[in-house]
Amino acid sequence: MTDAEVLIVGAGITGAALALALADAGVPVALLDRATPPPLPRAGQALDVRVSAIHAAAAGWLMRLGAWDLIPPACRAPFGRIEVWDASSVGRIGFDSADIGAPWLGHIVENRALVAALHARLSQLPSARLLAPAEWDDWQVEAGGVRLRLADGRQLTTRLLVGADGGASPLRLRAGIAAIDEPFRQCALVCHVATERPHGDTARQRFLPTGPLAFLPLADGRSSIVWSTTPAEAQRLAALPADEFARELGAAFGERLGAIGAVGERAVIALCGREAARYVGPRLALAGDAAHVVHPLAGLGANLGLGDAAQLAAAVRDALRAGRDPGQDHLLRAYERTRRSQDLPVVRAIVGLHRLFTTKAPPLRVLRGAGLRAVDFAAPLKHLFTTAACGLDDPAFVPQSAATSG
Ligand SMILES: Cc1cc2nc3c(=O)[nH]c(=O)nc-3n(C[C@H](O)[C@H](O)[C@H](O)COP(=O)(O)OP(=O)(O)OC[C@H]3O[C@@H](n4cnc5c(N)ncnc54)[C@H](O)[C@@H]3O)c2cc1C
């Protein structure tokens, strides 16, 4: 008899979503985090600086789990169009939800509100148990399960341990699973700004020689910016007086939304790419940033983590319904195969895009400009990209998706 069928370390977007999907299916699950999860934002509370573009497929899955509607409307904004263009060539491309007959492509969501909503829904389900704040000390694989010791001396047993503990993943390190790093040598400066012209529910990104600059639409009419650039430049921009920063930002964005008005709190985040050599070990599975960290230029990191969570939850649920052990090797290997075939091409495409757009080689700049324009004019290719932007190419989000089986 174990304390929980599944024990998840890390109660961020990935871990909380996985716990919710399992608890929603009646699976006994424990969720552990060293930090207490945030409460739902109060009405009128200032929007946190960290937001994510959550695509339509992931949002649909969260709706089915009953978490989406708990996100306060002020903390989520739909976008129906994506515009991308290159500052150093003629390349530009636009994706519209109308091209695939969808009402929207995704939502820009405050990370804190998303995590809070997942926990609010989770707290309504009897088979979920939250341990936070709590730290683990060590764990051992035993016959039929895993025994995890907490820093306060308590012990928990489970049949499957999941690391959803972020890019640094102490659990992955303890399991001896190596990771390959892609040093982008970039930081992202993030903040919310007012703009002279309305954002029109459109997510925009301009590729500058130093990295991409994104303007993401917020519910209150402002835009959230993610400005990826060299670490020194990010620090310089963060230290500028607000009016000078606004001028530089407007110029860097080609004044696409007119002059920049009020500038909110600025934060600088170091960026790196990382891919774990394995997603699984004996009675262990990795999910979300613990398994793969991607550059924010495609707005996909959290979406990939939600896909991992959806896939793993379906596999565990189906195994238990069939009377099988959810920590079996073949089930975990099937999870790894399925998710790596989904995640890896995305991870590699993002690294390739980042290199292509930061190259100084003139022939490549001409090529990428021509490439963007060619895709913009080729309806079938555009349809393919728009479908991917919505996450509709990720089978993990298909309702009642068949679980992985060995
Ligand atoms: C600037 C920026 C913009 C981004 N924009 C987008 C976007 O538009 N769309 C998108 O999809 N993605 C985006 N991402 C990526 C996205 O933010 C991440 O992929 C996502 O937040 C990862 O969630 P996670 O739950 O896997 O990990 P984390 O959010 O890192 O959560 C890990 C959790 O584990 C806990 N933890 C860690 N160690 C321990 C321990 N030892 N014991 C107990 N608990 C522990 C932590 O407290 C934390 O709660 C962006 C990232 C950046 C940097």
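Remember, it's a predicted structure, so these values are computed and weren't measured experimentally.

**Q** Where do I start with the confidence of the model for the chain in this structure?
**A** The predicted coordinates should not be examined in detail at positions where pLDDT is low. Mean pLDDT over the chain: 92, with 93% of residues reaching 70 or higher. Confidence drops under pLDDT 50 across residues 401-406; counting only partners more than four residues distant or on other chains, this segment forms 19 contacts.

**Q** Hey, could you run me through the packing of helix α2 (residues 56-64) against helix α7 (residues 301-321) in this one?
**A** The description of two helices packed together rests on the angle between their axes and the distance between the axes. Here α2 crosses α7 at 45°, and the two axes come no closer than 10 Å. The angle between α2 and α7 places the two elements in the oblique class. For the pair α2 and α7, the sense of crossing is left-handed. Here α2 contributes Ala-58, Trp-61 and Leu-62 to the contact with α7, which in turn contributes Asn-303, Leu-306, Ala-309 and Ala-310. Counted by class, the contact of α2 with α7 contains 6 nonpolar, 1 polar and no charged residues.

**Q** I'm lost on empty space enclosed by the protein in this one. Help?
**A** Once rolled over the atoms, a probe with the size of a water molecule shows which space is left empty. Taken as a whole, this structure holds 1 cavity of 30 Å³ or more when the rule is applied. Around the largest cavity, the lining residues are Leu-47, Val-51, Ala-74, Cys-75, Arg-76, Ala-77, Ile-108, Val-109, Glu-110, Leu-218 and Ala-219. A total of 3 residues in the lining of the largest cavity trace back to one element, the largest contributor, which is strand β7 (residues 106-110). Residue composition of the lining of the largest cavity, by class: 9 nonpolar, no polar and 2 charged.

**Q** What exactly am I supposed to notice about the environment of Arg-76 here?
**A** For Arg-76, the position within the fold is in strand β4 (residues 76-79). Looking at Arg-76, the relative accessible area reads 18%, which means it is buried. Taking the C-alpha atoms as reference points, Arg-76 and Glu-110, separated by 34 residues in sequence, lie 6.6 Å from one another. Residues within four places of Arg-76 in sequence aside, it is in contact with Trp-68, Asp-69, Ile-71, His-107, Ile-108, Val-109 and Ala-219. Within the structure, the side chain of Arg-76 is placed 3.0 Å from the backbone oxygen of Ile-71, a separation counted as a polar contact.

**Q** What should I look at first to understand the nonpolar core in this one?
**A** As a rule of thumb, soluble globular proteins bury nonpolar side chains together. Residues Ile-8, Leu-22, Leu-32, Trp-61, Leu-148, Leu-161 and Leu-306 are the most contacted members of the largest nonpolar core, which totals 104 residues. For Leu-148, the residues in contact, after removing those within four places along its chain, are Leu-7, Leu-32, Trp-136, Asp-138, Trp-139, Arg-154, Gln-155, Leu-156 and Leu-161.

**Q** Would you explain the site of the ligand in this entry?
**A** By nearness alone, 32 residues border the ligand, and Thr-14, Asp-33, Ala-53, Asp-289 and Ala-302 come closest of all. A distance of 2.8 Å is found between an oxygen atom of the ligand and a side-chain nitrogen or oxygen belonging to Thr-14. Between the ligand and Asp-33, the relevant distance is 2.6 Å, taken from an oxygen atom to a side-chain nitrogen or oxygen of the residue. Bound to the protein, the ligand loses 86% of the 1000 Å² it would expose on its own. Contributions of two or more residues to the shell around the ligand are made by α1 (13-24), β3 (51-55), β12 (179-195), β17 (267-276) and α7. When its residues are assigned to classes, the shell around the ligand shows 17 nonpolar, 9 polar and 6 charged.

Criteria and thresholds
Residues numbered from 1 in each chain as written. Predicted model: local features only at pLDDT ≥ 70, side-chain atom pairs only at ≥ 80, totals over all residues. Heavy atoms only, no water. pLDDT = per-residue confidence, 0-100. Contact = heavy atoms within 4.5 Å. Axes fitted to C-alpha atoms, helices over the stretch in contact; angles between N-to-C directions. Helix = DSSP H or I, 4+ residues; strand = E, 2+ residues; numbered from the N terminus. Parallel < 35°, antiparallel > 145°, perpendicular 65-115°, else oblique. Left-handed = near helix turned anticlockwise from the far one by under 90°. Nonpolar A, V, L, I, M, F, W, Y, C, P; charged D, E, K, R; others polar. 1 Å grid on protein atoms, 1.4 Å probe; cavity = no way out; pocket = protein on both sides within 12 Å on 5 of 7 lines; lining within 4 Å. Points joined across faces, edges and corners; volume = space filled by probe spheres on them. Buried < 20%, exposed > 50% of the residue type's maximum accessible area, 1.4 Å probe, protein only. Polar contact = N/O pair within 3.5 Å; in protein donor to acceptor, adjacent residues only side chain to side chain. Core = buried A, V, L, I, M, F, W, Y, C linked by side-chain atoms within 4.5 Å. Near = heavy atom within 4 Å. Areas by Shrake-Rupley, 256 points an atom, 1.4 Å probe, with all protein chains shown as cover.

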